[in-house]
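Listed below are the residues making up each chain.
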Amino acid sequence: MAAAAAGSGTPREEEAPGGEAAATQAQAPTSASGARLSRLPLARVKALVKADPDVTLAGQEAIFILARAAELFVETIAKDAYCCAQQGKRKTLQRRDLDNAIEAVDEFAFLEDVCYAKLCDAGLWKPS
């Protein structure tokens, strides 16, 4: 039974040496080497998910998948923005690099409405 439950990837109760069941803590899954598979804190991701009034319940696996998707999204947009910075012969990302990446990459079209320059032009954001 332990071998079948070990491969399922779901939290389970383990038998302690004294025969008592000890619940495993809800943590980010780890790889065989012990490295965390999620770099975002799952409690924060869960809080963001629960902030949506349409969400009533969210399982740990769903939270983990959302955290991983967010990591991949940030990594992708950061790489594209870094390419824009390199075109300007810079290594430091600036807001305009993100704006340029959003405008240049079709996959980021859904972010065009929140582009900094457009928010400023519309009077929805005032730089400090």
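Everything discussed here concerns the structure shown above.
Residues numbered from 1 in each chain as written. Predicted model: local features only at pLDDT ≥ 70, side-chain atom pairs only at ≥ 80, totals over all residues. Heavy atoms only, no water.

(A) Structural context of the nonpolar core. Ranked by size, the top nonpolar core spans six residues in total: Leu 42, Val 45, Val 49, Ala 58, Ile 63 and Ala 67. Those elements that place two or more of their residues in this core are α2 (42-50) and α3 (60-87). Of all hydrophobic cores here, the second largest spans five residues; its members include Ile 77, Ile 102, Val 105 and Leu 111. (Core = buried A, V, L, I, M, F, W, Y, C linked by side-chain atoms within 4.5 Å. Buried < 20%, exposed > 50% of the residue type's maximum accessible area, 1.4 Å probe, protein only. Helix = DSSP H or I, 4+ residues; strand = E, 2+ residues; numbered from the N terminus.)

(B) The arrangement of the pattern of salt bridges in detail. All told, the structure shown has six salt bridges when counted by the stated rule. One salt bridge connects Glu 75 with Lys 79, and the closest N-O pair in it is separated by 3.2 Å. Taken together, the positions of Glu 75 and Lys 79, both in helix α3 and four residues apart, correspond to about one turn of that helix. Close ionic contact of Arg 95 with Asp 99 constitutes a salt bridge, the shortest N to O distance being 3.9 Å. Taken as a pair, Arg 95 and Asp 99 lie in helix α4 (residues 95-104) at a separation of four residues, close to a single helical turn. Among the ionic contacts, a cluster of salt bridges with common partners joins Arg 39, Arg 68, Glu 71, Glu 75 and Lys 79. (Salt bridge = Lys/Arg side-chain N within 4 Å of Asp/Glu carboxyl O.)

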